[in-house]
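Residue strings, one per chain:
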Amino acid sequence: HYSFYGKLLAEWWKLFDKRQFLVLNYETMKANETDTLTRIVRFLDLDTAPIADDLNLPRSNVDPHKQNKSDLAALDPALCRELRDLYDPHVRGLYAMLREDGASKWQPPFP
């Protein structure tokens with residue numbers, strides 16, 4: 001979940017009405033698949049035909065066939081800390097933007 005999404009989203013919000021965006025949290029999507037899909041369908045103003053209860057979203061946003069878990073265990077802890085330090089302010093900024101702009105009306109509040 002580490003990224004520079006906040007910076008990108010702020011640029012898009014300068015060009016388009018914020019109401020044209022639906023920002024979803026992946027963890028919320030996994031926990032509430034059917035509700036999330038219903039929200040997406042309504043947001044897009046699509047036909048609200050019955051939605052399957054067993055969508056089976058991947059339990060991780062990483063392709064398991066491309067990920068070798070032993071490779072992840074071998075990551076240098078110092079590098080992990082450095083990456084967390086790099087991304088943390090950006091993630092916090094994104095969540096602050098989303099809380100301020102009412103993104104939580106679509107899902108539980110962002111942390």
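Report on the accompanying structure. Every chain's residues receive numbers from 1 upward, in the order its sequence appears when written. Owing to the predicted nature of the model, reporting of local features is limited to residues with pLDDT of at least 70; listing and counting of side-chain atom pairs is limited to 80 or more, with chain, interface and lining totals taken over all residues. Side-chain numbers here rest on the full set of heavy atoms in the structure, without hydrogens or water.

1. With respect to the pattern of salt bridges
Oppositely charged side chains may form a pair once their charged atoms are brought near each other.
Working step 1: The working definition used for a salt bridge is a side-chain nitrogen of Lys or Arg within 4 Å of a carboxyl oxygen of Asp or Glu. Per the counting criterion, the structure on display carries three salt bridges.
Working step 2: Lys14 is the salt-bridge partner of Glu11, the closest N and O atoms lying 3.1 Å from each other. Here Glu11 and its partner Lys14 are both found in helix H1 (residues 5-15), three residues apart, which amounts to about one turn of the helix.
Working step 3: Given a relative accessible area of 43%, Glu11 falls into the partly exposed group.
Working step 4: Summary of the burial criterion: residues with accessible area below 20% of their type's maximum are buried, those above 50% are exposed, and those between are partly exposed, where the area comes from a 1.4 Å probe applied to protein chains only. A relative accessible area of 63% means that Lys14 is categorised as exposed.
Working step 5: The salt bridge partner of Asp88 is Arg92, with a shortest N-O separation of 2.7 Å. Numbering of helices and strands runs from the N terminus, with a helix taken as a DSSP run of H or I at least four residues long and a strand as a DSSP run of E at least two residues long.

2. A closer look at the packing of aromatic side chains
Working step 1: Aromatic rings from Phe, Tyr and Trp, with only the six-membered ring used for Trp, were paired whenever their centres fell within 6.5 Å, and each pair was classed as stacked if the ring planes differed by under 30 degrees, edge-to-face if by over 60, and tilted otherwise. Going through the model one piece at a time under the given rule, you end up with two aromatic pairs.
Working step 2: Here Phe4 and Tyr87 contribute two aromatic rings whose centre-to-centre distance is 5.0 Å and whose plane-to-plane angle is 50°, an arrangement assigned as tilted. With a gap of 83 residues between them, Phe4 in the segment before H1 and Tyr87 in helix H5 (residues 77-100) connect regions that are remote in the sequence.
Working step 3: Here the aromatic rings of Trp12 and Phe16 are separated by 5.5 Å at their centres, their planes lie at 25°, and the arrangement is stacked.
Working step 4: Under the relative-accessibility criterion, Trp12 is labelled partly exposed at 47%.
Working step 5: Phe16 gets classed as partly exposed once you look at its relative accessible area, which sits at 38%.

3. Some points on helix H3 (residues 33-43)
Working step 1: Among the residues of H3, those classed as buried are Glu33, Thr36, Thr38 and Val41.
Working step 2: We call two residues in contact whenever any of their non-hydrogen atoms come within 4.5 Å of each other. Elements that come into contact with the buried residues of H3 comprise helix H2 (26-31).

4. What about H1?
Think of an α-helix as 3.6 residues a turn; residues three or four steps apart then line up on the same face.
Working step 1: Buried residues of H1: Gly6, Leu9 and Trp13, and no others. In a view along the axis of H1, the buried residues occupy a sector of 65°, so they form one face of it. Projecting away from the buried face of H1 at angles above 90 degrees are the exposed residues Lys7, Leu8, Lys14 and Leu15.
Working step 2: Among the structural elements, H5 are those in contact with the buried residues of H1. In this context, the arc is that of the directions from the helix axis out to the C-beta atoms.

5. Some remarks on unusual backbone geometry
Most peptide bonds take the trans form, and the phi angle of most residues other than glycine is negative.
Working step 1: For Asp45, which is not glycine, the phi torsion reads 55° and is therefore positive.
Working step 2: Looking at where Asp45 falls in the secondary structure, it is placed in the loop between H3 and helix H4 (69-73).
Working step 3: By relative accessible area, which is 70% here, Asp45 ends up exposed.

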